[in-house]
Amino acid sequence: MSKVEEFEELRPLLFSVAYRILGSVGEAEDAVQETWLRFDGTATRPTSTKAYLSTTVTRIAIDVLRSARVRREQYVGPWFPEPLLNDPYEDPARAMELADSVSMAALLLLERLSPLERAVFVLREVFGFGFDEVAAAVGRTETACRQLLVRARRHMQDGRPRFEAVSTERDELASRFFDALREGDVASLQDLLAADVSMAGDGGGKAPQLARAVVGADNVARLLASVFPWMARIDVTIEPHEINGQPGAIFRDRDGGVVNVMVLDVLDGRIRTIRSVINPDKLGHVGPVADAWALDRELRRARRRQN
């Protein structure tokens with residue numbers, strides 16, 4: 001195989017590793033591209049291309065994450081990972097680990113870890129790398145990596161997310177939720193939400209967003225019912241789509257521009273968490289991005305005319 005063919009065969013794995021370490025589609029893609037440039041620039045072929053590329057992309061991602069953590073601490077409002085529509089890497093033997101690790105809830109838990117803990121956890125727990133491979137990738141001894149993994153597991157287990165296991169049940173509930181959302185049906189929305197449901201949005205100060213998380217089925221249902229029927233009146237449409245392995249939807253304006261992406265956590269037949277990514281910087285990979293501020297102004301005008 002040529003260098004290009006070897007790299008392209010491993011690209012899905014490299015992206016999936018980088019995305020879980022970084023929580024950013026754009027930064028993960030950049031890390032993969034930088035990995036290719038370094039591989040292409042090597043004069044000799046490594047003994048194991050997979051080991052070389054995995055090590056390279058991991059170290060690049062760790063360096064990027066260290067600088068990104070400072071930005072995230074200064075972020076305006078809640079920070080959510082960039083939504084991932086499709087995970088390019090598949091491994092039937094580790095399907096459960098891959099699915100659990102890519103959810104927004106899991107990625108937010110990973111934010112609690114140090115960059116090294118996060119990399120070790122992702123390589124070992126999610127992708128099943130041997131400790132010798134993990135150690136080579138992060139530049140630590142196997143003993144140190146085992147210790148890092150113990151700490152990472154402790155942090156992750158404290159808040160490990162639980163989701164509805166049967167996708168057909170999740171999808172059916174999500175479909176009912178988005179139908180009720182379009183209609184502004186408060187009673188139906190309340191019936192689909194857990195009593196302690198929480199809803200929050202990530203606008204990063206660059207799009208309209210909730211001032212704080214809204215908690216409770218009644219509060220969330222009434223807020224949703226007061227907004228989304230009006231959005232339909234200004235031609236915003238809801239496109240159901242799996243997001244980060246969970247049921248969700250892409251909201252688009254009349255020209256097809258992406259307004260926001262919504263993700264639902266479902267457990268025991270109820271929606272437990274609603275996260276909405278509105279920051280335009282996090283939506284460019286989904287499609288052309290709408291002007292959320294302009295839509296907000298149009299929405300306010302429509303409501304004033306009605307009143």
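Residues numbered from 1 in each chain as written. Predicted model: local features only at pLDDT ≥ 70, side-chain atom pairs only at ≥ 80, totals over all residues. Heavy atoms only, no water.

Asker: Even after reading the chapter, I still don't get the overall build of the protein chain, so can you show me in this structure?
Answerer: What the protein chain contains, in helices and strands, is twelve helices and six strands. Based on the C-alpha atoms only, the size of the protein chain along its principal axes is roughly 70 × 35 × 35 Å. Evaluated residue by residue, the protein chain yields a buried proportion of 50% over its 307 residues. Across the protein chain, the fraction of contacts at a sequence separation of at least 24, relative to all contacts at a separation of at least 6, is 67%. In the structure as shown, the protein chain presents an accessible area of about 14400 Å², 48% of it carried by carbon and sulfur atoms. Once the 41 positive and 46 negative side-chain charges of the protein chain are each reduced to a mean point, those two points are 6 Å apart. (Helix = DSSP H or I, 4+ residues; strand = E, 2+ residues; numbered from the N terminus. Buried < 20%, exposed > 50% of the residue type's maximum accessible area, 1.4 Å probe, protein only. Contact = heavy atoms within 4.5 Å. Areas by Shrake-Rupley, 256 points an atom, 1.4 Å probe, with all protein chains shown as cover. Lys, Arg positive; Asp, Glu negative; His and termini not counted. Charge placed at Lys NZ, Arg CZ, Asp CG, Glu CD.)

Asker: Honestly, the pattern of salt bridges in this entry has me stumped. Any pointers?
Answerer: Inspection of every chain in the model, using the stated rule, returns 24 salt bridges. Between Asp265 and Arg275 there is a salt bridge whose closest N-O contact spans 2.8 Å. Placement of the pair is Asp265 in strand β5 (residues 258-267) and Arg275 in strand β6 (residues 270-277), with a sequence separation of ten residues. Accessibility expressed as a relative area gives 6% for Asp265, which makes it buried. (Salt bridge = Lys/Arg side-chain N within 4 Å of Asp/Glu carboxyl O.)

Asker: Explain the sheet that holds strand β3 (residues 237-243) here, please?
Answerer: To summarise the sheet geometry, strands pair through backbone hydrogen bonds and adopt either a parallel or an antiparallel arrangement. Strand order in the open sheet formed by six strands is β2-β1-β6-β5-β4-β3, with mixed pairing between adjacent strands. Single-partner strands in this sheet number two, and they are β2 (214-215) and β3. Lying over the sheet, helix α11 (residues 217-233) contacts β1 (193-202), β2, β4 (246-252), β5 and β6, oriented at roughly 50 degrees with respect to β1. (Pairing = 2+ DSSP bridges. Axes fitted to C-alpha atoms, helices over the stretch in contact; angles between N-to-C directions.)

Asker: How should I be thinking about the nonpolar core in this particular structure?
Answerer: Burial of nonpolar side chains together is a common tendency in soluble globular proteins. The biggest cluster of nonpolar side chains holds 48 residues, and the ones touching the most others in it are Val17, Tyr19, Phe121 and Phe127. Sorting the residues of this core by element identifies α1 (3-22), α2 (25-40), α3 (49-73), α4 (95-102), α5 (104-110), α6 (115-126), α7 (131-138) and α8 (142-158) as the ones contributing at least two each. Sorting elements by how many residues they give to this core places α1 first, with ten residues. Setting aside residues up to four positions removed in sequence, Val17 forms contacts with Val57, Thr58, Val122, Leu123 and Phe127. Core analysis: the next-biggest nonpolar cluster, separate from the first, contains 35 residues, Phe177, Leu193, Val214 and Val259 among them. (Core = buried A, V, L, I, M, F, W, Y, C linked by side-chain atoms within 4.5 Å.)

Asker: Can you help me understand unusual backbone geometry in this one?
Answerer: Working note: non-glycine residues mostly have negative phi, and peptide bonds are mostly trans. Phi at Asn244 is positive, roughly 50 degrees, even though this residue is not glycine. Within the fold, Asn244 resides in the loop between β3 and β4. You will see that Asp268, though not glycine, has its phi angle at about 55 degrees, which is positive. The topology assignment puts Asp268 in the loop between β5 and β6.

Asker: Honestly, the packing of aromatic side chains in this entry has me stumped. Any pointers?
Answerer: Aromatic ring pairs are described here by two measures, namely the spacing of the ring centres and the angle between the planes. Considering all chains together, one arrives at eight aromatic pairs under this definition. Here Phe7 and Trp36 contribute two aromatic rings whose centre-to-centre distance is 5.2 Å and whose plane-to-plane angle is 55 degrees, an arrangement assigned as tilted. In this pair, Phe7 is assigned in helix α1 and Trp36 in helix α2, connecting sequence segments 29 residues apart. Among the residues examined, Phe7 registers a relative accessible area of 1% and is labelled buried. Where Phe178 meets Phe251, the ring centres are 6.5 Å apart and the plane angle is 70 degrees; that geometry is what we call edge-to-face. Pair noted here: Phe178 is in helix α9 (residues 167-183) and Phe251 is in strand β4, with a separation of 73 residues, a long-range link. A single burial state applies to Phe178 and to Phe251, both of which are buried. What links up through ring pairs into an aromatic cluster is the set Phe7, Trp36, Phe39 and Tyr52. (Phe/Tyr/Trp six-rings, centres within 6.5 Å; stacked < 30°, edge-to-face > 60°.)

Asker: What am I meant to see in α2 here?
Answerer: Since the α-helix turns once every 3.6 residues, residues separated by three or four places project in the same direction. Its 16 residues place the ends of α2 23 Å apart at the C-alpha level, agreeing with the 22 Å of an ideal helix rising 1.5 Å per residue. For α2, the full list of buried residues reads Val25, Glu27, Ala28, Ala31, Val32, Thr35, Trp36 and Phe39. Those residues of α2 that are buried are in contact with α1 and α3. Where α2 starts, the residue carrying a side-chain oxygen 3.1 Å from the main-chain nitrogen of Glu27 turns out to be Ser24. (Expected span 1.5 Å × (residues − 1). Polar contact = N/O pair within 3.5 Å; in protein donor to acceptor, adjacent residues only side chain to side chain.)

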